[in-house]
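# What the coordinates show
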Amino acid sequence: KDGVHWSAPELVKSTNDSDLDNNSGIVSQAIVNNSGTWSYFDIAFSTTAHPYTADNAQTGKFTFRTTGNSYKNFDLRDSNHIVRFDSRPWGASYEPWHIDVKKYGNLYFMLICAGSNGVSHGDALYLAYSGDGWNWTCLPDVLFTNNTYRSSIVLKDFNGDVLTFWIYRGRKDNGKIELHE
């Protein structure tokens, strides 16, 4: 409630929900409130029970966005809830694994930790932005090339057309969290 004292945990999403199964996974959730409309972003696997068709930017794992009127009441996902990336700068052998999504002003920002296909962790870190939260432009340059795990992005300063971010980078090789600007 104040960044130190927290409310009791509440269930937001479960693999018991009808749009998921035990093989779907629920990876790296991010929740964004935009003027009373809540968006729930996460990554899930395509499964036999819940298959999704690969495209040029997403293959076995898919990044979803569902919306709702509260932080614990979101639409059930289907293929219409898969966000669209304009490119795949992490290459064919990597997939998004962990994400963090924030909205500042009129833009959404997604920090994408991508890792080797079939491996349950990330490695390289990328940044994407979107005006609507559905269609994402991926910046081509990697922020970090290896040993990156779940990370977070925070707006430090906005000065005209220049945004300055802090990136809290989780490292998988030593477990430390590093601050980068």
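Only a predicted model underlies this, so the values are computations on that prediction, with no experimental measurement involved. (Residues numbered from 1 in each chain as written. Predicted model: local features only at pLDDT ≥ 70, side-chain atom pairs only at ≥ 80, totals over all residues. Heavy atoms only, no water.)

## Let's talk about unusual backbone geometry
- Despite not being glycine, Ser 35 shows a phi value in the positive range, around 55°.
- The residue Ser 35 is located in the loop between β1 (27-34) and β2 (37-45) in this model.
- For Ser 35, a relative accessible area of 77% puts it in the exposed group.
- For Asn 147, which is not glycine, the phi dihedral falls at a positive 55°.
- As for its position among the elements, Asn 147 is in the loop between β9 (135-138) and β10 (152-159). (Helix = DSSP H or I, 4+ residues; strand = E, 2+ residues; numbered from the N terminus. Buried < 20%, exposed > 50% of the residue type's maximum accessible area, 1.4 Å probe, protein only.)

## Describing the side chain of Arg 171
- Mapped onto the secondary structure, Arg 171 falls in the loop between β11 (162-170) and β12 (177-180).
- With residues near it in sequence (within four places) discarded, Arg 171 still touches Asn 147, Tyr 149, Lys 176 and Glu 178. (Contact = heavy atoms within 4.5 Å.)

## A closer look at the sheet that holds β10
- In space, the 3 strands of this open sheet follow the order β10-β11-β12, with antiparallel pairing throughout. Among the strands making up the open sheet, the edge pair consists of β10 and β12. For this sheet the average axis-to-axis angle between neighbouring strands, irrespective of direction, equals 15°.
- Direction of pairing for β11 relative to β12: antiparallel, over a ladder of 4 bridges. Residue pairing across strands places Tyr 168 opposite Leu 179, the latter belonging to β12. (Pairing = 2+ DSSP bridges. Axes fitted to C-alpha atoms, helices over the stretch in contact; angles between N-to-C directions.)

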